[in-house]
Amino acid sequence: MGEAPPQEREHVLCWLPFPEPAKIIESIQTKHPNVDFTYKQLEYKKEGKSWEVKEIPDDYVKEATMLVTLSEYPSSDAGKNLKLIHLFSAGADRAVTQPIFKETDVPFTNSSGVHGPQIAEWVILQILSNSHREKLMVEWQKKHIWGQHKDIGAVRDSVGQRLGVLGYGAIGRQTARIAKALGMDVIAYTASPRPTPESKHDRGYIVPGTGDPNGTIPSAWYSGLQKSSLHNFLAQDIDILLISVPLTPQTHHFLAAEEFRILGKKNAFIVNIARGAIVQQDDLIAALKKAPGEGGLRGAALDVTDPEPLPKESELWDLENV
């Protein structure tokens, strides 16, 4: 038998706003000695992160065969010979607007599936923090106040509450797994129908031991991109809504005044880990400022806003239920 041909050398350019993971790169190079790395750590300005897309200088790209990036891209001409562009995020809404995506045949991949555990933990943290008035008690601790029970009010545990997952991907499935363990009922919403057991399976990457691989956790599934389909889902007595759909032209401002009115019937709590523009933010603020007796939302936890960074004058900063 003849020897295998020598592997072609690859040069991976990492253009990311995180410290270089030296041990991980070393591990990859041990397994794949034909791979070289150039790691460029970007720095955000002190006033906060900016998602303004900037062009990667041509000099950095000319030797690269692959690019790993979060939000910055090379010109179409400089990057046209790349074999692959990998996005560090699951969302690709910024990438699909870039000239290199539109004007070349360079394949794009994303990191869908890997963020399930850590983001789901944050979602559950926010749900429990809201239910148990953690924000108020932290303020009491700072001020050395031994608060009164009447100021906390009735605390409701998770058992029997209904979690509506708007976008049943990796994050939604892992959140559903934990919520189910806490005694919640889970219902799911997807863009396309999932009428058979096989269609409910997770076809993407799954962190071992996490998620809902077979799609058996939800007690009911809903689907569609029409407002009527969305409203039917939101009207299912949802106590907590997790927004985890990708931002597309169809989901831009998917949730606005009418949707918050429906959710307000049960004074729902909203968690958005997707993109800020999926929500009409002024309408969300109005719903959060309404009293519960008037159909207001009981609160919101926002990992994203529109725009980012959130302007200092935004009312969201000072709302007690946010």
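Residues numbered from 1 in each chain as written. Predicted model: local features only at pLDDT ≥ 70, side-chain atom pairs only at ≥ 80, totals over all residues. Heavy atoms only, no water.

Draft legend 1. A look at the packing of aromatic side chains. Under the counting rule described, the total for this entry stands at 6 aromatic pairs. Relative to Trp221, the ring of Tyr168 has its centre 5.2 Å away and its plane inclined at 80°; by these criteria the two rings are edge-to-face. In this pair, Tyr168 sits in the loop between β8 (162–166) and α8 (170–181) while Trp221 sits in strand β10 (residues 220–223), placing the two residues 53 residues apart along the sequence. In this pair, the class of Tyr168 matches that of Trp221, namely buried. Following the ring pairs from residue to residue traces out a cluster consisting of Tyr189, Tyr222 and Phe233. (Phe/Tyr/Trp six-rings, centres within 6.5 Å; stacked < 30°, edge-to-face > 60°. Helix = DSSP H or I, 4+ residues; strand = E, 2+ residues; numbered from the N terminus. Buried < 20%, exposed > 50% of the residue type's maximum accessible area, 1.4 Å probe, protein only.)

Draft legend 2. Looking closely at the sheet that holds strand β12 (residues 269–272). Taken in spatial order, the 6 strands make up an open sheet running β10-β9-β8-β11-β12-β13, and their pairing is parallel. With partners counted over all chains shown, the strands left at the sheet margins are β10 and β13 (299–302), one partner each. Averaged over all neighbouring strand pairs, the angle between strand axes comes to 15°, with direction disregarded. Bridge count between strand β9 (residues 185–190) and β10: 4 bridges; the pairing is parallel. Bridge pairing in β10 links Thr190 to Ser223. Against the sheet, helix α5 (residues 116–131) engages β11 (240–243), β12 and β13, with an angle of about 155° to β12. (Pairing = 2+ DSSP bridges. Axes fitted to C-alpha atoms, helices over the stretch in contact; angles between N-to-C directions. Contact = heavy atoms within 4.5 Å.)

Draft legend 3. Structural view of the layout of surface pockets. By volume, the second largest pocket is sized at about 950 Å³. Taken together, 34 residues line the second largest pocket, and the ones lying closest to its centre are Asn130, Arg133, Arg298, Glu320 and Asn321. Those elements that provide at least two residues to the lining of the second largest pocket are α5, α6 (134–143) and β13. Here the residues of the lining of the second largest pocket sort into 16 nonpolar, 7 polar and 11 charged. (1 Å grid on protein atoms, 1.4 Å probe; cavity = no way out; pocket = protein on both sides within 12 Å on 5 of 7 lines; lining within 4 Å. Points joined across faces, edges and corners; volume = space filled by probe spheres on them. Nonpolar A, V, L, I, M, F, W, Y, C, P; charged D, E, K, R; others polar.)

Draft legend 4. View of the sheet that holds strand β2 (residues 35–41). With parallel pairing, the 5 strands of this open sheet are ordered in space as β2-β1-β4-β6-β7. Lying at the two open borders of the sheet, with one neighbouring strand each, are β2 and β7 (108–109). Sheet analysis places strand β6 (residues 84–87) next to β7, joined by 2 bridges and oriented parallel. Note that in β7 the partner of His86 across the bridge is Thr109.

Draft legend 5. Molecular detail of empty space enclosed by the protein. Applying the stated criterion across every chain yields a total of 3 cavities of 30 Å³ or more. Counted as a void, the largest cavity has a volume near 70 Å³. For the lining of the largest cavity, the leading source of residues is α8, giving 3 residues. By residue class, the composition of the lining of the largest cavity is 4 nonpolar, 5 polar and 3 charged.

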